[in-house]
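Breakdown of the fold
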Amino acid sequence: MTLAILERSRIVATPEWSRWLIPPAALSIHLAIGSAYAWSVFKNAISAPTAMDLSGTVTAIPFQLAIVMLGLSAAVFGTRVEKNGPRWAMTVSLIFFVSGLLLSALGMSLDQFWLVIFGYGFVGGIGLGIGYISPVSTLIKWFPDRPGMATGIAIMGFGGGALIASPLTTQLLSGFGGFTDASIAQTFLVLAVGYAVFMALGVVLIRVPADDWKPAGWNPSASSPLVATHNVSAANAVKTPQFWLLWIVLCFNVTAGIGILERASGIYQDFFPDATSPESLAAAAAGFVAFLSLTNMIGRFVWSSVSDLVGRKNIYRLYLGVGALLYLYIALFTNSNKVLFLVSALLILSFYGAGFATMPAYLKDMFGTYQVGAIHGRLLTAWSVAGVLGPLIVNAIADAGEDGQVGRYLPAFYVMIALLAIGFVANELIKPVNPKYHEPEVDA
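Note that the coordinates shown come from a computational prediction; the quantities given were computed from them, not determined experimentally.

Our focus in this paragraph is the overall build of the protein. The secondary structure content of the protein amounts to 18 helices and 0 strands. Dimensions of the protein along its principal axes, counting C-alpha atoms only, are 65 × 50 × 35 Å. Counting every position in the protein, which comprises 444 residues, the buried fraction comes to 54%. Summarising the internal contacts of the protein: among those between residues at least 6 apart in sequence, 83% fall at separations of at least 24. As displayed, the protein has an accessible area near 18000 Å², and 68% of this comes from carbon and sulfur atoms. Within the protein, the 22 negative side-chain charges are centred at a point lying 10 Å from the centre of the 23 positive side-chain charges.

What the rule picks out here adds up to 7 salt bridges. Among the salt bridges present, the one from R408 reaches D270, with a minimum N-O distance of 2.7 Å. On the criterion of sequence distance, the pair formed by R408 in the loop between α17 (381-399) and α18 (410-428) and D270 in helix α12 (residues 264-271) is long-range, its members being 138 residues apart. In this pair, the class of R408 matches that of D270, namely buried. One salt bridge in this structure joins D308 and R312, with 2.8 Å as the shortest N-O distance. A cluster of three or more residues bridged by salt bridges with shared partners is formed by R19, D145 and R146.

With that settled, the discussion passes to the environment of V238. Along the chain, the position of V238 falls in the loop between α10 (234-237) and α11 (241-261). When the C-alpha atoms of V238 and R378 are compared, they prove to be 8.2 Å apart, with 140 residues separating the residues in sequence. Setting aside its immediate chain neighbours within four residues, V238 contacts F243, W244 and R378.

Moving on, we come to the packing of aromatic side chains. Per the counting criterion, the structure on display carries 30 aromatic pairs. Summarising the aromatic geometry, the rings of F243 and W244 are spaced 4.9 Å apart at their centres and angled 85° between planes, so their arrangement reads as edge-to-face. In this structure W244 comes out as partly exposed when scored by relative accessible area, which is 43%. Here a set of aromatic residues connected by ring pairs shows up, and it is made of Y268, F271, F272, F288, Y327, F341, Y409 and F413. Positioned above the aromatic ring of W17, the side-chain terminus of R207 is 4.2 Å from the ring centre. The side chain of K338 reaches across the aromatic face of F272, ending 5.4 Å from its centre.

This next bit is on helix α4 (residues 61-84). For α4, with 24 residues, the first-to-last C-alpha span of 32 Å sits near the 34 Å given by 1.5 Å per residue. Considering bend angle alone, the principal kink of α4 is centred on F77 and spans about 55°. Looking at the residues trailing α4, positive phi occurs at G85, about 95°.

So, on to helix α9 (residues 181-205). Here α9 is 25 residues long and its end C-alpha atoms lie 37 Å apart, about the 36 Å a rise of 1.5 Å per residue gives. Turning to α9, its buried residues number three or more, namely D181, S183, I184, A185, T187, F188, L191, A192, Y195, M199, G202 and V203. Those residues of α9 hidden inside the fold are in contact with α1 (22-33), α2 (39-47), α5 (86-109), α6 (113-133) and α8 (147-175).

This part is about unusual backbone geometry. Phi is positive for D53, which is not a glycine, with a value near 55°. Residue position: D53 is located in the loop between α2 and α3 (56-59). Backbone geometry at T334 places phi at a positive 40°, although glycine is not the residue there. With respect to the element layout, T334 can be found in the loop between α14 (312-333) and α15 (338-367).

This part is about the packing of α15 against helix α16 (residues 372-379). At a minimum axis separation of 10 Å, α15 and α16 run at an interaxial angle of 120°. Judged by the angle between their axes, α15 and α16 are oblique. Crossing angle aside, the handedness with which α15 passes α16 is right-handed. Side by side, α15 and α16 meet where M359, P360, L363, K364 and F367 of the first sit next to V372, I375, H376 and L379 of the second.

Let us look at empty space enclosed by the protein. One pass over the full model with this rule turns up 4 cavities of 30 Å³ or more. If you go around the largest cavity, the residues you meet are S35, A38, W39, F42, F97, L101, Y120, A165, T169, L191 and Y195. At the level of elements, α2, α5, α8 and α9 are the ones that each hand at least two residues to the lining of the largest cavity. Per-class residue counts for the lining of the largest cavity are 9 nonpolar, 2 polar and no charged.

Positionally, G202 belongs in helix α9. Separated by 98 residues in sequence, G202 and R300 place their C-alpha atoms 21 Å apart. Not counting residues up to four positions away in its chain, the partners in contact with G202 are A25, S28 and M90.

Further remarks concern the packing of α11 against α18. In contact at an axis separation of 8 Å, α11 and α18 are set at 155° when each is read in the N-to-C sense. Between α11 and α18, the angle is such that the two are roughly antiparallel. Like other packed secondary-structure pairs, α11 and α18 cross with a definite hand, here left-handed. Between α11, through L245, I248, V249, F252, N253, T255, A256 and G259, and α18, the contact on the second element is made entirely by M416, L419, L420, I422, G423, A426 and N427. Classifying every residue of the contact of α11 with α18 by side-chain character gives 10 nonpolar, 5 polar and no charged.

Turning to the environment of F367, a few remarks are in order. Inspection of the secondary structure puts F367 in helix α15. Taking the C-alpha atoms as reference, F367 lies 7.5 Å from V433; in sequence the two are 66 residues apart.

Cut-offs and rules
Residues numbered from 1 in each chain as written. Predicted model: local features only at pLDDT ≥ 70, side-chain atom pairs only at ≥ 80, totals over all residues. Heavy atoms only, no water. Helix = DSSP H or I, 4+ residues; strand = E, 2+ residues; numbered from the N terminus. Buried < 20%, exposed > 50% of the residue type's maximum accessible area, 1.4 Å probe, protein only. Contact = heavy atoms within 4.5 Å. Areas by Shrake-Rupley, 256 points an atom, 1.4 Å probe, with all protein chains shown as cover. Lys, Arg positive; Asp, Glu negative; His and termini not counted. Charge placed at Lys NZ, Arg CZ, Asp CG, Glu CD. Salt bridge = Lys/Arg side-chain N within 4 Å of Asp/Glu carboxyl O. Phe/Tyr/Trp six-rings, centres within 6.5 Å; stacked < 30°, edge-to-face > 60°. Lys NZ or Arg CZ within 6 Å of the ring centre and 35° of its normal. Expected span 1.5 Å × (residues − 1). Bend = angle between axes of the 7 residues up to and from the residue. Axes fitted to C-alpha atoms, helices over the stretch in contact; angles between N-to-C directions. Parallel < 35°, antiparallel > 145°, perpendicular 65-115°, else oblique. Left-handed = near helix turned anticlockwise from the far one by under 90°. 1 Å grid on protein atoms, 1.4 Å probe; cavity = no way out; pocket = protein on both sides within 12 Å on 5 of 7 lines; lining within 4 Å. Points joined across faces, edges and corners; volume = space filled by probe spheres on them. Nonpolar A, V, L, I, M, F, W, Y, C, P; charged D, E, K, R; others polar.

Purely geometric numbers; function is a separate question.
Listed below in C-alpha cells is the structure:
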C-alpha cells in the first residue's frame, strides 16, 4: 500500500501542465544523489589523524557498498517503481538517501564507523538505486519525440552532482572546524537537511501524462523500424536476446570509460612527467581529472540528444567504434602528442557518460514505455559488473609494471579495445523484438 498523496492517479497532469517542468523535477533528484561521487572528500576527512585515522581501503567501503546497492536496488525495485509511480519512488529515494546521511552523522558523532558504512553504503545506496531510475520512464513518456535529450538531462545531473557537492562539502568541513569527527558529523547533518528540501521540490513538481496525451505534431508511425510500437514487460524483456545484447553494450562501454577515469591522475603523471615540480605535476593531473569529469557530464546531454536525430544504434556505433579507435591511437602513439592524447581521453569519457544517458532511450526503442524503468533497473546490473571489471583490469595490469612507465598501461588499453569491439558487434546484432514477447493490445 502507498499513501494516497503518493499514488500515480493523484499526479496525472492537467492539459495545461508544461512537460518542461519534468526535467527540473528529475534533476532535483539526480543532482542530490549524484553527490555520492564526491565521497572522496569525506574519505580524506575520515582518514585524517584528527578524525578516525582509518586506512584508505576501509574508508572506501561506504562508497563501494553504495554503488553495489544502487545496482541491486534498481534491479529489485524497478517493477515497484513502475507500478507505484514516480512520486512514490522519489519520496522513497529521499527517505533512504537522507536517512543514510543522518545515520552517517550519528556514526561520526559516536565514533562508530560501521554506522557510516551501514548508513551511507547500505541505506543510502538503496536511495541511490531507486532515485536513479525513478524519473526515467516518466521523462520518456513526456518526451516520446526526444527521449534521448530528456533522459540525458536527468542523467547529466547524476554525473554533475559531485561538481556541486565536492566544493560544498569542503566548505562545510572547513567552516565546522576541519577534519574532526564533530565537523564531519555536522557536515553530514547539514547536507541531509539541504538535500531533503531540494529533493522534495522534485516530489512536488513531478507529474505523469494522461494515457491519451502526446506532443503536438508528433507522429509515432514515422519512427524508425528499430523503434517499438508495442510494449514488452520487464519479465519478458529479460527473456529476449535484445536485453542481453544491450547489457553487453552498456557493460563494456562503461568498463572502457572507467579504464581511464578510475586511474586518470596516475595515467597523466606517467604519460607526462615533465612538469617543473611534483606539485605542478599533481596540479596538472588534478586538472586533467576535473576536465574528464566535466566531459563525462556534458557528454551525457550532448550525445544522447544527438541520438534523437541519428538513432540509438548509430550513436552506439560512435561510442563503441570510435571509442575503440581512440584507445588504439593512445596505445600506438602514447604521449607523442599531448593535445591529441587529451582530446582522445576526453572523447572516450564523453562516450562513457553518454552511454549511461542514451541507454534508457534505447530501451524505450526496443521495449516500449510500459515498464521501461523496471527494465532499466535490471540492466543497471551491467554497471555493477563494469564498476568492478574496469578498475580491476587497469589496476592489475598497471600495478604489475614499473612505476612511471607508459608501457605498463598498454596491455590494459588493448583489452579495452577488445571489449569495445565485442560491444560494437553486440550492437550490430540488435534487431526488433520478436512479437511473441509483446504485451496484448490493451491500454498499458
